[in-house]
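# Analysis of the macromolecular model
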Amino acid sequence: MHEWMLDNGFTPHLVVDAKCEGVRVPESHVKDGKIVLNVSPTATRALSLGNDAVTFEARFGGVSQQLVIPVAAVLGIYARETGQGMVFGEDDAPKPSPEGDEPSPPPPPLPPTPSAAGGRRGKLKVVK
């Protein structure tokens, strides 16, 4: 996602659970236990998107700081310009399964769209 956002001219931001174990971020910028971090090349130095953690240097109030974000603490990534991205939850984290367990059942189906349920469908108008 990060690379795709950069390739398309967007500014990637991470939403991080600052209370998660191993997170090193400036506490003064944490709100409601979360912090949003600009992870674009212009805002970071030595950015590393690893399998275990995201690490980089960034300036806060003119002071350079080393940030460490374990992958488990990343709640989502989105593009500042569009607000679109991905939200991660506990369901996204791989869970160890004891041997002999049955595979998990598939997720429930999505609810029908308004047009499939007989509801009104939105219309688009071409404006010249």
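### A short note on unusual backbone geometry
Phi is positive for Asp32, close to 55°, though the residue is something other than glycine. Position of Asp32 relative to the elements: it lies in the loop between β1 (12-17) and β2 (34-38). For Asp32, a relative accessible area of 75% puts it in the exposed group. One non-glycine residue, Ala46, adopts positive backbone phi at about 60°. Within the secondary structure, Ala46 sits in strand β3 (residues 45-49). For Ala46, a relative accessible area of 56% puts it in the exposed group.

### Description of the sheet that holds β2
Ordered by their spatial adjacency, 4 strands build an open sheet running β2-β1-β6-β7, and the pairing between neighbours is antiparallel. Every interior strand has two partners, whereas the edge strands, β2 and β7 (85-87), have only one. The sheet shows a mean angle of 20° between the axes of neighbouring strands, direction not considered. In the sheet, β1 pairs with β2 via 5 bridges, with the strands oriented antiparallel. Its bridge partner lying in β2, Val15 is registered against Val36.

Criteria and thresholds
- Residues numbered from 1 in each chain as written.
- Predicted model: local features only at pLDDT ≥ 70, side-chain atom pairs only at ≥ 80, totals over all residues.
- Heavy atoms only, no water.
- Helix = DSSP H or I, 4+ residues; strand = E, 2+ residues; numbered from the N terminus.
- Buried < 20%, exposed > 50% of the residue type's maximum accessible area, 1.4 Å probe, protein only.
- Pairing = 2+ DSSP bridges.
- Axes fitted to C-alpha atoms, helices over the stretch in contact; angles between N-to-C directions.

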